Amino acid sequence: MKLPFEGEPLQGLQIMGVLESRNLDFRRVIICTMNEASFPPSSGLNSMIPFNLRRAFGLPVQEQNDAIYAYTFYRLLHSAEEVHMIYTTASDQGKSGEKSRYIQQMMVEMDLDMKEEVIFVPIDQKSPGEITIEKVPEILQILERYTIQQDGTPSVSFSPSALNVYLDCRLKFYLKYIAGIKEKEEVTEEIDAGVFGNLVHYSMENLYLGFIERKKRNVLEPGDFKELKANWVFPAIEKAIRTNYHLEDAAETKLNGQMAIARDVLQKYITRVLEIDEESAPFRLISLEKGKEYGANLKINTSEGVREIALKGIIDRVDELNGVIRLIDYKSGGDKKEFKDIPSLFDRDNKNRNKAAMQTMFYGLIYQFEHSENTAPLKPAIYNLKEVFFRKTSIRIYN
């Protein structure tokens, strides 16, 4: 990290860069990072002119920088009574832990009284104590928000994400959902996995919601997909980008190179998803992510007797195919679809616990609670976008 140095010489300590120390005398000198490639720096000149041409026409070359650093270093030693040179023996970020050539030169050519000392920070290998949060009355009062109140409604509901956080780390659950400490939300231009996943969800939602609004029906026939693939994939992605980056509908979207590539990749993915849906059509869309939030009540045993808590979740897509209700979750990552059994989905000691499968099972629970009259079989499913080009279908059905 490069930082501007500030210091007041009248207060006894002056912090400065190497070049700023020219023509100054000090009784005590402390030089940090006396490693080769740091003092002197090894980076070449940032120029499009080749080295041979620079030398031939008398332009600055790296040897001049080395000469400047060498002069400055030896100039500092003229009036110094005590010199400390510090270097690290550990390799880090591509830099070797080798002492500077100036130290090597002084050891060979100068008859100086040089003392070398190894300084290290001792590592405490004791295991840290377990952090325990006592359920004091204040915390119990916060937990009461998850229970069904007298009016039949909860203040807060458990989502599948919250349950997964609790199973992974109870302390993280406390910090995030009980203490209310949230990570800072940042809008970044980088297309990381989270941003790409959001764009996938928004695009599929825009595509099918737009179809329902235009056609005034929620049944997709095989003949509907030709128009969807030809005319509506690109607008759905454009609208998803506006939604993700909080842009107004009338605002012009000038996509940089990375975003333009992500848009083209999204277009191929979504077109392939439509091809898979076309093979299984006709089917009836029941709900999409934006249009419906499902909830359920669940009775649990507590120290105070049987209590009723609230569950909630937003299912990416619910449709009906051949008399079967499919609860579909879009996944843009490498989520696995295999798991040993139902108890393994809640085993916090299992490092390979299938969070995606637990989430889709959760969707089945809350859907059936809201549609208690439903007698059709439920089939939780995962659309894994990484597999849509390698398998005939990317839906895995849990029986």
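It should be noted that the structure appears before, not after, this text.
In this report, we go over the structure that sits alongside the text. Per chain, residues are indexed from 1 in the order of the written sequence. Local features in this predicted model are restricted to residues whose pLDDT is 70 or higher, and side-chain atom pairs enter the listing and the counts only when it is 80 or higher, whereas totals over whole chains, interfaces and linings include all residues. Side-chain descriptors were evaluated using all non-hydrogen atoms of the structure, hydrogens and water having been removed beforehand.

With respect to the sheet that holds strand β7 (residues 317-321)
The strands making up a sheet are joined through hydrogen bonds of the backbone, oriented either antiparallel or parallel.
In step 1: For two strands to be treated as a pair, DSSP must find at least two bridges joining them. In this text, helices come from DSSP runs of H or I with a minimum length of four residues, and strands from runs of E with a minimum of two, each type numbered from the N-terminal end. The five strands lie next to each other as β3-β4-β7-β8-β9, forming an open sheet whose pairing is mixed. Strands at the two margins of the open sheet, each flanked by one partner only, are β3 (219-220) and β9 (378-384).
In step 2: Bridge count between strand β8 (residues 324-331) and β9: seven bridges; the pairing is parallel. Following the sheet pairing, Ile328 is matched in β9 by Ala381.
In step 3: Throughout, a residue-residue contact means that at least one pair of heavy atoms, one from each residue, lies within 4.5 Å. Between N-to-C directions, angles cover 0 to 180 degrees, with each direction set by a line fitted to C-alpha atoms, over the stretch in contact for helices. Each of β4 (283-288), β7, β8 and β9 touches helix α9 (residues 257-280); the most contacted strand, β9, lies at about 150° to it.

Observations concerning a nonpolar patch on the surface
In step 1: Each patch is built from residues that are more than 30% exposed by relative accessible area and take part in no salt bridge. Like charges join if they lie within 9 Å; nonpolar side chains (Val, Leu, Ile, Met, Phe, Trp, Tyr) join within 5 Å. Using the Shrake-Rupley algorithm and a 1.4 Å probe, accessible areas are obtained, with residue cover drawn only from the displayed protein chains. By definition here, a salt bridge exists when the distance from a side-chain nitrogen of Lys or Arg to a carboxyl oxygen of Asp or Glu is within 4 Å. On the surface, a cluster of nonpolar side chains totalling about 460 Å² of accessible area is made up of Met107, Val108, Met110, Leu112 and Met114.
In step 2: Within the secondary structure, Met107 is located in helix α3 (residues 101-109).
In step 3: For every residue, the accessible area obtained with a 1.4 Å probe (protein chains only) is divided by the maximum for its type, and the residue is called buried under 20%, exposed over 50%, and partly exposed between those limits. Residue classification places Met107 among the partly exposed positions, given a relative accessible area of 42%.

Some details on helix α8 (residues 225-244)
In step 1: To obtain the bend at a residue, axes are fitted to the seven residues ending there and to the seven starting there, and the angle between these axes is taken. At Trp232, α8 is bent by approximately 55°, the largest bend along its length, and proline Pro235 sits one to four residues beyond.
In step 2: Among the residues making up α8, those that are buried are Phe225, Leu228, Val233, Ala236, Ile237, Glu238, Ala240, Ile241, Arg242 and Asn244.
In step 3: In this structure, the buried side of α8 is in contact with α7 (193-215), β3, α9 and β4.
In step 4: Downstream of α8 by a residue or two, His246 has a phi angle that is positive, lying close to 55°.

Quick look at the packing of α7 against α9
In step 1: Put simply, α7 and α9 touch, their axes get as near as 11 Å, and they point 50° apart. Classified by the angle their axes make, α7 and α9 are oblique. Judged by the twist between their axes, the crossing of α7 over α9 is right-handed. Judged by residue contacts, Phe196, Leu199, Val200, Ser203, Met204, Leu207 and Tyr208 of α7 engage Ala262, Val265, Leu266, Tyr269, Ile270, Val273, Leu274 and Asp277 from α9.
In step 2: Class assignment for the residues of the contact of α7 with α9 results in 13 nonpolar, one polar and one charged. Between 65 and 115 degrees an angle is taken as roughly perpendicular, under 35 as roughly parallel, over 145 as roughly antiparallel, and anywhere else as oblique. Here a crossing is called left-handed whenever its near helix is offset anticlockwise from the far helix by less than a right angle, and right-handed whenever the offset is clockwise. The nonpolar class holds Ala, Val, Leu, Ile, Met, Phe, Trp, Tyr, Cys and Pro. Asp, Glu, Lys and Arg form the charged class, and all remaining residues, Gly among them, are polar.

Some details on the pattern of salt bridges
In step 1: In the structure shown here, the tally under the stated rule is 21 salt bridges.
In step 2: For the salt bridge of Glu278 with Lys229, the shortest nitrogen-to-oxygen distance reads 3.0 Å. Note that Glu278 is positioned in helix α9 and Lys229 in helix α8, a separation of 49 residues in sequence.
In step 3: Residue Glu278 is classed as partly exposed on the basis of its relative accessible area of 27%.
In step 4: Assessed through its relative accessible area of 25%, Lys229 is described here as partly exposed.
In step 5: We note a salt bridge from Lys337 to Glu387, for which the minimum N-O separation is 3.0 Å. Taken together, the residues Lys337 in the loop between β8 and α10 (355-370) and Glu387 in the segment after β9 connect sequence positions 50 residues apart. Summarising the burial analysis for this pair, Lys337 and Glu387 share the class buried.
In step 6: Connected via shared salt-bridge partners are Asp277, Arg317, Asp319 and Arg326.

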